[in-house]
Amino acid sequence: MKNIEISPSIISSNLLELGNQIKQCQVAGAESFHLDIMDGHFVNNITMGPDLVSAIRRATGLRLDCHLMIERPDKYYKSFIEAGGNVLLVHYETPIEVGNFLKKLGDENIRYGIVINPDTDIKKVYKFVPTSEIVLVMSVYPGFSGQKFIDKSLDKVRELRKFIDENYYNTKIEIDGGINAETGKLAREAGADILVSASYIFGNNIENSIKKLKSL
Ligand code: DX5
Ligand code: ZN
């Protein structure tokens, strides 16, 4: 099986130790970082804004994926790019005209991925797959780290894997929520290319857990 990419979600890191923890992730083999941006409207939680993204940018050269769990990505996206974000992960469920917004990002040469919630049919995002760098399948309801993995998300990953392979697209499949050594293995077998993990990595020994996820 091909190499799996690990994308630590810093939502569960120790913010007072963030610089060190980012280094530990890199040493262990993380290939990118996942930044959960929540506005208290799209989800029932508030997390980070562009200032923290730019602090993280100064601490690492790795790709920074901004998972936008906000109602108005069209209003705020530029500040996350200016802060050093590399890929914007935009929810299909966002209450704006998502197709138009993704087209605008493409016109501005901004890299993006499309995100799909647990209850949304995977076929709804098929039309966005050819132009998206990533399809992020949520395996928990967005808002909080530390939730239980939703098993049925594996069926979505399998279906999407088939669709991408049959059409020779380069789009990567990423999965986010409740990933640990056990669920990460199932996701990988189902066809995921990138595993996001917050509590499993930062709630345990960082190096060991990343190495474990990479070796599944
Ligand atoms: C949930 C976030 C996830 C979350 C993952 O809204 O999008 O990225 O932080 O946390 P764990 O890995 O603990 O489920
Ligand atoms: Zn996320």
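Let me begin by describing the structure that accompanies this report. (Residues numbered from 1 in each chain as written. Chains lettered and ligands numbered in written order. Predicted model: local features only at pLDDT ≥ 70, side-chain atom pairs only at ≥ 80, totals over all residues. Heavy atoms only, no water.)

With that settled, consider the packing of aromatic side chains. This structure, assessed with the given rule, holds three aromatic pairs. A ring pair is formed by Tyr 77 and Phe 101, whose centres lie 5.4 Å apart and whose planes are at 75 degrees; its orientation type is edge-to-face. Here Tyr 77, found in helix 3 (residues 73-82), pairs with Phe 101, found in helix 4 (residues 98-107); they are 24 residues apart in sequence, far enough to count as distant. Judged by relative accessible area, which is 3%, Tyr 77 ranks as buried. A relative accessible area of 3% places Phe 101 in the buried class. Ring pairing ties together the aromatic residues Tyr 126, Phe 163 and Tyr 169, which thus form one cluster. (Phe/Tyr/Trp six-rings, centres within 6.5 Å; stacked < 30°, edge-to-face > 60°. Helix = DSSP H or I, 4+ residues; strand = E, 2+ residues; numbered from the N terminus. Buried < 20%, exposed > 50% of the residue type's maximum accessible area, 1.4 Å probe, protein only.)

A few words now on the coordination of the zinc ion (ligand 2). For the zinc ion (ligand 2), the protein coordination sphere consists of His 34 (NE2), Asp 36 (OD), His 67 (ND1) and Asp 176 (OD), at 2.1 to 2.3 Å. Around the zinc ion (ligand 2) sit six donor atoms, and with donor-metal-donor angles ranging over 72 to 172 degrees the site reads as octahedral. His 34 gets classed as buried once you look at its relative accessible area, which sits at 0%. (Donors = N, O, S within 2.8 Å, 3.2 Å for Na, K, Ca; no water. Tetrahedral: all angles 85-135°; square planar, octahedral: opposite > 155°, others 65-115°.)

One open sheet holds the eight strands; their spatial order is 1-8-7-6-5-4-3-2, and the pairing between them is parallel. Both outer strands of the open sheet, strand 1 (5-8) and strand 2 (32-38), are each paired with one neighbouring strand and no more. Between one strand axis and the next, the sheet turns by 25 degrees as a mean value, whatever way the strands run. As paired elements, strand 2 and strand 3 (residues 63-69) share seven bridges and run parallel to each other. By the bridge assignment, Leu 35 is partnered in strand 3 with Cys 66. (Pairing = 2+ DSSP bridges. Axes fitted to C-alpha atoms, helices over the stretch in contact; angles between N-to-C directions.)

Moving on, we get to helix 6 (residues 181-190). Taken as a whole, helix 6 has its buried residues at Ala 181, Thr 183, Gly 184, Ala 187, Arg 188 and Ala 190. Against helix 5 (153-166), strand 7 (172-176), strand 8 (194-197), helix 7 (199-202) and helix 8 (206-214) lie the buried residues of helix 6. N-capping of helix 6 is provided by Asn 180, with a side-chain oxygen placed 2.9 Å from the backbone N of Glu 182. (Contact = heavy atoms within 4.5 Å. Polar contact = N/O pair within 3.5 Å; in protein donor to acceptor, adjacent residues only side chain to side chain.)

With seven of seven residues buried, strand 2 lies mostly within the body of the structure. Side chains of strand 2 alternate between two faces, with Ser 32, His 34, Asp 36 and Met 38 and Phe 33, Leu 35 and Ile 37 buried alike. Handedness of the crossover joining strand 2 and strand 3 through helix 2 (residues 50-59): right-handed. (Right-handed = clockwise from strand over helix to strand, strands pointing away.)

Looking at where Gly 106 falls in the secondary structure, it is placed in helix 4. Given the relative accessible area of 33%, Gly 106 is considered partly exposed. With 12 residues separating them in the primary sequence, Gly 106 and Pro 118 have C-alpha atoms 26 Å apart.

Let us look at helix 3. The complete set of buried residues in helix 3 reads Pro 73, Tyr 77 and Phe 80. Buried residues of helix 3, seen end-on, are gathered within an arc of 70 degrees and therefore sit on one face of the element. Relative to its buried face, helix 3 has exposed residues pointing more than 90 degrees away, namely Lys 75 and Glu 82. Backbone geometry just downstream of helix 3 places Gly 84 in the positive-phi region, at approximately 115 degrees. (Arc of directions from axis to C-beta.)

Bringing the site of ligand 1 into the picture now. If you check the shell around ligand 1, you find 20 residues, and the closest are Gly 143, Gly 146, Asp 176, Gly 178 and Ser 199. Within the contact set of ligand 1, an oxygen atom lies 2.8 Å away from a side-chain nitrogen or oxygen of Asp 36. Between ligand 1 and the protein, one listed contact pairs an oxygen atom with a side-chain N or O atom of Ser 199 at 2.5 Å. Elements represented by at least two residues in the shell around ligand 1 include exactly strand 2, strand 3 and strand 8. Per-element tally for the shell around ligand 1: the top contributor is strand 2, with three residues. Residues belonging to the shell around ligand 1 are distributed by class as follows: eight nonpolar, 10 polar and two charged. (Near = heavy atom within 4 Å. Nonpolar A, V, L, I, M, F, W, Y, C, P; charged D, E, K, R; others polar.)

A full pass over the atoms with the stated rule returns 15 salt bridges. Across the pair Arg 72 and Asp 74 runs a salt bridge whose closest N-O atoms are separated by 3.0 Å. Judged by relative accessible area, Arg 72 falls into the partly exposed class, the value being 40%. By relative accessible area, Asp 74 is classed as partly exposed at 27%. As a salt-bridge pair, Glu 189 and Lys 185 come within 2.9 Å of each other at their nearest N and O atoms. Of this pair, Glu 189 and Lys 185 both sit in helix 6, separated by four residues, roughly a single helical turn. (Salt bridge = Lys/Arg side-chain N within 4 Å of Asp/Glu carboxyl O.)

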